[in-house]
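One letter stands for each residue in the lines below.
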Amino acid sequence: KHIALIVLVTLITSYFGFVDDLFFLGPISLQHGDLALLFIFLLLPLKELRVQKNLKGIQNTLFLFLVFVLCSVAYDYFFRGTSLIQIFRTTRKLGYLLFFFLLPAFNWHDYRKLLKYLLIVTTVHSGLYISQYIFGYSYTPHLDLLYDRTHTNELGEARYTNVPYFLIPLFVLSMFSNYFGKFKWYIVGLFVLAIVLGQGRGAIISMIIAILGFLILEKGINWVNILVFPILGSFVAILFFSYFPILGERFTQMFNEVLLVQEMDYNNLNAFYHEGSLIFRWGVTYERFMYVLESPIRMLLGVGYFPDMDITRPIFVLGTKSDVLPT
C-alpha cells in the first residue's frame, strides 16, 4: 500500500519536476498526473466507499463542491460551447479530490513510509538544488524554455526555480520529528539553505513562522526567550543578508511595493508593468477580478473551462508573453 502512495505522489509531481509534465500517447497529449488520476479511479472499486465518522463533515462539503463543479461544467458545455476534451484538460486535477475516499484504505504505517520516502527524496533534491548555485549549472536544462527554471534576479544573478517539491511542509516535519536521528539538524540546515537560495519571499516568511512556532512549542514562552529570540533572530537575519544581499533587496522592494498599492492608477493598467513583481501580480489579480464582476454568471459559476492553449486572442491588458501559448 505504501508503494501505491509513493507511485501516486511521484506521478502527480511529474517525477518531482525532473521531467516535462506532458507526454504523447500517439496524437493524444497527456500529463503524468493523468496516470495518477487513472490509478485513483482503479483503486476506488477496491475499497468500500464508507468514510469514517470523523470525516463526515469533509465528505458532505466535498459532495457540495462536486455538485457545484458539475453545474458549472454543464453550463460551460451547453451554453458556452466548450468541448468535453477542453473541460477535461482544465478540470482533470479536481479528480485528485476523490483520493479522500481512499484515506481509510491506508493506515498510519503506510503514510509514515511515504513521509520517509519524501524526506529522503527532498534531502537529495535539496543538495542537488544547492549545487546549482555552487557550480553554476541547471539540472533541468531541458525544461528551461518551457517552465523558466533559470532566470536572473533583481541583482542580475542566477535564480533557479526548480525548487524541491514539498520543501516547506517537509522542513516543518523534519524539525518536529526525529526521522534522521543524529543527522536531524544537518538536514534542517540543508532545507533552510535550499529555501533561502530559492529566494521566494513567501517561502522564507513561511520558514520563519515555522521556526518561531517550533521554538514556542518546544521551549515555551518565558521572559528569557522573549529577550533572546529577537536578538538571535536579528543576528541570523544580518548574517543571511550579508551573505545573500539579494534577500535584503527583494524584501525592501516588497515593502516599497506594498506602500505603492494605494497610489497606483487603476484606470491605467499598463502602469503596473513597471513597478515590480508584487505590484504586477496585484494588477493581474485586479484585472481578472474585474473581469469576473462584469457578468453575474461568471460570479456564480466562474469564467469557464477553456484551456489557455486554445485562447487565440488576448483578453487582458496585463500578462506575460509565453513561448508555448498562442498569446
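The structure under discussion appears in the preceding block.
Residues numbered from 1 in each chain as written. Predicted model: local features only at pLDDT ≥ 70, side-chain atom pairs only at ≥ 80, totals over all residues. Heavy atoms only, no water.

**Quick look at the environment of Ile12**
- On the secondary structure map, Ile12 appears in helix 1 (residues 2–12).
- According to the relative accessible area criterion, Ile12 is partly exposed, its value standing at 38%.
- Considered as a pair, Ile12 and Ala36 are 24 residues apart in the sequence and their alpha carbons are 6.0 Å apart.
- With residues up to four places along the chain from it excluded, the contact list for Ile12 reads Gly33, Ala36 and Tyr96. (Helix = DSSP H or I, 4+ residues; strand = E, 2+ residues; numbered from the N terminus. Buried < 20%, exposed > 50% of the residue type's maximum accessible area, 1.4 Å probe, protein only. Contact = heavy atoms within 4.5 Å.)

**Points about the packing of helix 12 (residues 245–260) against helix 13 (residues 277–293)**
- Contact geometry of helix 12 with helix 13 gives a least axis separation of 8 Å together with a crossing angle of 40°. Put simply, helix 12 runs oblique to helix 13. In this structure, helix 12 contributes Met254, Glu257, Val258 and Leu260 to the contact, and helix 13 contributes Ser277, Leu278 and Ile279.
- Partitioning the contact of helix 12 with helix 13 into residue classes produces five nonpolar, one polar and one charged. (Axes fitted to C-alpha atoms, helices over the stretch in contact; angles between N-to-C directions. Parallel < 35°, antiparallel > 145°, perpendicular 65-115°, else oblique. Nonpolar A, V, L, I, M, F, W, Y, C, P; charged D, E, K, R; others polar.)

**Examining the environment of Phe214**
- Mapped onto the elements, Phe214 comes out in helix 10 (residues 201–219).
- Taking the C-alpha atoms as reference points, Phe214 and Lys184, separated by 30 residues in sequence, lie 14 Å from one another.

**Here we look at a nonpolar patch on the surface**
- A surface patch of nonpolar side chains, about 710 Å² in accessible area, is lined by Leu227, Val228, Leu232, Phe235, Val236, Leu239 and Tyr243.
- Mapped onto the fold, Leu227 is located in helix 11 (residues 223–243). (Patch = residues over 30% accessible without salt bridge, like charges linked within 9 Å, V, L, I, M, F, W, Y side chains within 5 Å. Areas by Shrake-Rupley, 256 points an atom, 1.4 Å probe, with all protein chains shown as cover. Salt bridge = Lys/Arg side-chain N within 4 Å of Asp/Glu carboxyl O.)

**With respect to helix 3 (residues 32–43)**
- End to end, helix 3 covers 17 Å across 12 residues, agreeing with the expected 16 Å (1.5 Å per residue, within 8%).
- Among the residues of helix 3, His32, Gly33, Asp34, Ala36, Leu37, Ile40 and Leu43 are the ones counted as buried.
- Contact partners of the buried residues in helix 3: helix 1, helix 2 (14–17), strand 1 (22–25), strand 2 (28–31) and helix 5 (84–91). (Expected span 1.5 Å × (residues − 1).)

**A short note on the layout of surface pockets**
- In this model, the largest pocket occupies a volume close to 1,700 Å³.
- Taken together, 50 residues form the lining of the largest pocket, with Pro307, Asp308, Met309, Ile311 and Leu325 sitting closest to its centre.
- Contributing elements (two or more residues each) for the lining of the largest pocket: strand 2, helix 5, helix 7 (144–147), helix 13 and helix 14 (296–301).
- A breakdown of the residues in the lining of the largest pocket according to their chemical character gives 25 nonpolar, 11 polar and 14 charged.
- One number sums up the size of the second largest pocket: a volume of about 660 Å³.
- If you go around the second largest pocket, you meet 23 residues; those closest to its centre are Met207, Ile208, Ile211, Gly233 and Val236.
- Its residues assigned to classes, the lining of the second largest pocket comprises 22 nonpolar, one polar and no charged. (1 Å grid on protein atoms, 1.4 Å probe; cavity = no way out; pocket = protein on both sides within 12 Å on 5 of 7 lines; lining within 4 Å. Points joined across faces, edges and corners; volume = space filled by probe spheres on them.)

**Some remarks on the pattern of salt bridges**
- Taken as a whole and judged by the stated rule, the model has five salt bridges.
- Across the salt bridge formed by Glu294 and Arg298, the nearest N and O atoms sit 3.3 Å from each other.

**A word on unusual backbone geometry**
- Phi angles above zero are rare outside glycine, and Tyr15 is one such case at about 55°.
- On the secondary structure map, Tyr15 appears in helix 2.
- Unlike most non-glycine residues, Gln199 shows phi in positive territory, near 65°.
- Mapped onto the elements, Gln199 comes out in the loop between helix 9 (184–198) and helix 10.

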